[in-house]
Amino acid sequence: MKICMIVEGCYPYVVGGVSSWVHKFIQSFPKSEFVLLTIVSDRSISGKFLYQLPENVTEVHELYLQDVDWNRKGWHRARLSREEYRALRSLVMNQKVKWEVLFNLFQNSGISLDWLLMGQDFMNIVREYYDLLYSQQVFSDFLWTMRSLYLPLLFTLKMKIPKADLYHCVATGYAGVLGSMGKTLYGGRLLISEHGIYTREREEELLRADWVRGSFKSIWIEQFRKMSNLAYEKADLVTSLYGHARELQVELGCPMEKTIVTPNGIDVDSLGNLPDRTEEDEGRINIGAILRVTPIKDIKTMIQAFSFARERDSRLRLWIMGSWEEDETYAEECLEQTQALGLAEDVVFTGRINVRDYLGRMDMTILTSISEGQPLTILESFAAHKPVIATDVGNCHGLICGEKDDFGAAGIVTHIMNVDEIAQAMVDMARDSEMRRRMGENGYRRVASGYRIDQMRKAYWEIYKDFAESMRVAWEEEPSVKKNAEKG
């Protein structure tokens, strides 16, 4: 079975999180051919992979959401056909969309995006939408906003999709559009695996964004919703990581009968026998934050809370471990914050690491994100018998407090951006070594019983097997798991 794995903004350009999941997932099915279709911002990062691709990845295709139209001379028809016009109008007006008409228009006609976005048909549609709902805005601003809004989607619709038996999207959004188009064009199956709820995550980002203002935020939010609705409509199966995420998918329009929960899984045994504490750690209480240094992880709140906790317990040291290349401006601001607070000696920025080299030295780990799915870093901490402090986002509460077991708390849950609560959690954990030990053991029992990579692989093995049988294509993978689960 040929599988087209479709990802956005992560693998293989970013380390950790969803990228790590995709890499290990592909390795878990070594007999299957994977074609990677990856969505990135622009051509500047083309081919800059941070992972060595597994041998069963046979092709890599890149879609650039910010690009130039290389087909400016390729289309000279004066206007869209009536059917094409209606399909585009329904898309802009948030009505029921005939996506098949749009797929055919952008895949087969050689249409120039410049011609379309600067042309009379698009102008008329936008003007109608403007007069109906947004006439209080300056029309020229509104028109250029709509052009910038639709250009990434139109590049997506023009992307040449590789033929595959199964399109496996690791999000809805632009990835979901590509998967839906692949299924429509080639008759394969469509599987959506959401680690976070894409629509909600984009909504949270937009509400906090400075680059889009006022009522334009609602237009962008609606754009992401209609793309996710397409993916939910076309999908054969939609997975989520935990029960509440599944409820959100249904609330956002995904039919319940299409949904299933498939928790994350890690190689628990690989995080045993870790390097222990060093002489440098004597007399210290180490707090480890294993993450990408980006705004969504809210490192600034973490540092501020640590400064308050450090005043109350001088043994504390914070280790911020992860890549900062994704948002270097934000990373510099975090560094400047530590210096302004007099924490240069007590906050360590390591950059990208091998988690095995550091996790054994930590007394606890921390996550202060404003949005998450089911964080692998929490599962990895549990596998290393380390308790966790985390904000109440995604499945963090369920992982720490338990959902289907009575093992007990494996850490402390706080509210988002609550500096006092986070600081108090650091202090409480630092001052009670027996609580740290007990919570670490509770976490280990939880991850070992329900979040092993072999359990995750078995769930997806069943899904892939069912798809292969329904399409009558060869499926040679074995359900056994250990030997190929993780290789670097």
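Let us look at the structure shown here. (Residues numbered from 1 in each chain as written. Predicted model: local features only at pLDDT ≥ 70, side-chain atom pairs only at ≥ 80, totals over all residues. Heavy atoms only, no water.)

**Considerations on the side chain of Asp363**
Right, so step 1: Structurally, Asp363 can be placed in the loop between helix 13 (355–358) and strand 11 (364–367).
Right, so step 2: A distance of 2.8 Å separates the side chain of Asp363 from the side chain of Arg277, its partner in a polar contact.
Right, so step 3: Here Asn286 takes part through its backbone nitrogen, which lies 2.7 Å from a polar atom of the side chain of Asp363.
Right, so step 4: In contact with Asp363, not counting residues within four places along its chain, are Arg277, Arg284, Ile285, Asn286, Pro387 and Arg436. (Helix = DSSP H or I, 4+ residues; strand = E, 2+ residues; numbered from the N terminus. Polar contact = N/O pair within 3.5 Å; in protein donor to acceptor, adjacent residues only side chain to side chain. Contact = heavy atoms within 4.5 Å.)

**Remarks on the pairing of strand 1 (residues 2–8)**
Right, so step 1: Judged by how many residues are buried, strand 1 sits mostly within the fold: five of seven residues are covered.
Right, so step 2: Across seven bridges, the pairing between strand 1 and strand 2 (residues 33–40) is parallel. Across the sheet, residue Val7 finds its bridge partner in strand 2, namely Thr38.
Right, so step 3: For the handedness criterion, the β-α-β arrangement of strand 1, helix 1 (residues 17–27) and strand 2 is classed as right-handed. (Buried < 20%, exposed > 50% of the residue type's maximum accessible area, 1.4 Å probe, protein only. Pairing = 2+ DSSP bridges. Right-handed = clockwise from strand over helix to strand, strands pointing away.)

**Re the pairing of strand 5 (residues 189–193)**
Right, so step 1: Of all five residues in strand 5, four are buried; the element is thus mostly enclosed.
Right, so step 2: In terms of strand pairing, strand 4 (residues 166–169) meets strand 5 through four bridges, oriented parallel. Bridging from a neighbouring strand, Leu166 pairs with Arg189 of strand 5.
Right, so step 3: The handedness of the strand 4 to strand 5 crossover, carried by helix 7 (residues 173–186), is right-handed.
Right, so step 4: The sheet contact formed by strand 5 and strand 6 (residues 237–240) spans three bridges and is parallel. Bridge assignment links Ile192 to a residue of strand 6, and that residue is Val238.

**Digging into the sheet that holds strand 7 (residues 259–261)**
Right, so step 1: Here we have seven strands laid out as an open sheet, ordered 3-2-1-4-5-6-7, and parallel in their pairing. Sheet topology places strand 3 (57–64) and strand 7 at the edges, where each strand pairs with a single neighbour. The sheet shows a mean angle of 20° between the axes of neighbouring strands, taken without regard to direction.
Right, so step 2: Contacts from helix 7 reach strand 1, strand 2, strand 3, strand 4 and strand 5 within the one sheet, and its direction differs from that of strand 4 by about 170°. (Axes fitted to C-alpha atoms, helices over the stretch in contact; angles between N-to-C directions.)

**Examining the packing of aromatic side chains**
Right, so step 1: Inspection of the entire model under this criterion finds 24 aromatic pairs.
Right, so step 2: Pairing Phe29 with Tyr464 gives two aromatic rings, centres 5.2 Å apart and planes at 35°, and the pair type is tilted. Of this pair, Phe29 sits in the loop between helix 1 and strand 2 while Tyr464 sits in helix 18 (residues 453–471); the two residues are 435 residues apart in sequence, bridging distant segments of the chain. For the residue pair Phe29 and Tyr464, the accessibility class agrees, reading buried in each case.
Right, so step 3: Pairing Tyr129 with Tyr134 gives two aromatic rings, centres 5.5 Å apart and planes at 70°, and the pair type is edge-to-face. (Phe/Tyr/Trp six-rings, centres within 6.5 Å; stacked < 30°, edge-to-face > 60°.)

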